[in-house]
Amino acid sequence: VKVLPFINATVLQQNYPNPFNPETWIPYELAEDARVSIEIYGIHGQVVRTLDIGFQTRSRYVSKEKAAYWNGRNEWGEKVASGVYFYLIRAGKYTSTRKMVILK
């Protein structure tokens, strides 16, 4: 018998480290299986990077081995500038946004 972890809600957690340079991890918990993507936005609302995580099962994705990873680069592989960024998770019907800071 496989015992599943008790997770009563899908939650987007704060990235770590924050502030960061040049990489960060974005932890989350899923209360149910879902397709997961994370979009990173600049301060003016432009999409900087989309992380297509794919289908994930109900679990905690909080360790460096499991959390979403962002290398501080945009869609074209260029390093982003220092500043404030926002990350938005989409997991099934769940969406949530948090703020992070990159300092160089």
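Here goes a summary of the coordinates provided. Starting from 1, residues in each chain are numbered consecutively following that chain's sequence as written. Residue-level local features of this predicted model are given only where pLDDT is at least 70; pairs of side-chain atoms are given and counted only at 80 or more, and the full residue set underlies all totals for whole chains, interfaces and linings. Hydrogens and water molecules were not included; the side-chain quantities draw on all heavy atoms of the structure.

**Let's talk about the pattern of salt bridges**
Moving on, step 1. A pairing counts as a salt bridge when a side-chain nitrogen of Lys or Arg comes within 4 Å of a carboxyl oxygen of Asp or Glu. On inspection of all chains with the given rule, the structure shows three salt bridges.
Moving on, step 2. Where Glu 29 meets Arg 60, a salt bridge forms, and the shortest distance between an N and an O atom there is 3.8 Å. Within this pair, whereas Glu 29 is found in strand 3 (residues 28–30), its partner Arg 60 is found in strand 6 (residues 59–61), the two being separated by 31 residues in sequence.
Moving on, step 3. Type-normalised accessible area, obtained with a 1.4 Å probe on protein chains alone, sets the label of each residue: buried when under 20%, exposed when over 50%, and partly exposed for intermediate values. A residue is classified by how much of its surface remains accessible, and Glu 29, at 14% relative accessible area, is buried.
Moving on, step 4. For the salt bridge of Glu 39 with Arg 90, the shortest nitrogen-to-oxygen distance reads 3.2 Å. Taken as a pair, Glu 39 in strand 4 (residues 34–42) and Arg 90 in strand 8 (residues 83–91) lie far apart in primary sequence, 51 residues in all. Secondary structure elements follow DSSP: runs of H or I no shorter than four residues count as helices, runs of E no shorter than two count as strands, and numbering proceeds from the N terminus.

**As for the pairing of strand 4**
Successive side chains on a regular strand alternate, one facing one side of the sheet and the next facing the other.
Moving on, step 1. The element strand 4 is extensively covered by neighbouring structure, given that eight of its nine residues are classed as buried.
Moving on, step 2. The criterion for strand pairing is that DSSP finds at least two bridges linking the strands in question. Alignment of strand 4 against strand 5 (residues 47–56), held across eight bridges, turns out to be antiparallel. Bridge pairing links Val 36 to Gly 54 in strand 5.
Moving on, step 3. Hairpin connection, strand 4 to strand 5: the antiparallel pair is bridged by four residues, and Gly 45 has positive phi, about 90°.
Moving on, step 4. Relative to strand 8, strand 4 runs antiparallel, the two sharing seven bridges. Across the sheet, the residue bridging to Val 36 is Ala 91, located in strand 8.

**Quick word on the environment of Val 48**
Moving on, step 1. Tracing the sequence through the fold places Val 48 in strand 5.
Moving on, step 2. Taking the C-alpha atoms as reference points, Val 48 and Glu 75, separated by 27 residues in sequence, lie 6.5 Å from one another.

**Observations concerning the packing of aromatic side chains**
Moving on, step 1. Aromatic pairs are defined between Phe, Tyr and Trp rings, using the six-membered ring for Trp, whenever the two ring centres lie within 6.5 Å; interplanar angles under 30 degrees are classed as stacked, those over 60 as edge-to-face, and all others as tilted. For the structure shown, the criterion picks out five aromatic pairs.
Moving on, step 2. Residues Tyr 16 and Trp 25 carry aromatic rings whose centres are separated by 6.3 Å and whose planes lie at 15° to one another, so their mutual orientation is stacked.
Moving on, step 3. Residue class for Tyr 16 comes out partly exposed when judged on its relative accessible area of 24%.
Moving on, step 4. Judged by centre distance (6.0 Å) and plane angle (65°), the ring pair of Trp 70 and Tyr 85 falls under edge-to-face. Of the two residues, Trp 70 is situated in strand 7 (residues 68–70) and Tyr 85 in strand 8; the sequence distance between them amounts to 15 residues. Grouping residues by exposure puts Trp 70 and Tyr 85 together as buried.
Moving on, step 5. Pairwise contacts between aromatic rings join Tyr 16, Trp 25 and Tyr 69 into one cluster.
Moving on, step 6. The criterion is that NZ of a Lys, or CZ of an Arg, lies within 6 Å of the ring centre and within 35 degrees of the ring normal, and then a charge sits over that ring. Positioned above the aromatic ring of Trp 25, the side-chain terminus of Lys 64 is 4.2 Å from the ring centre.

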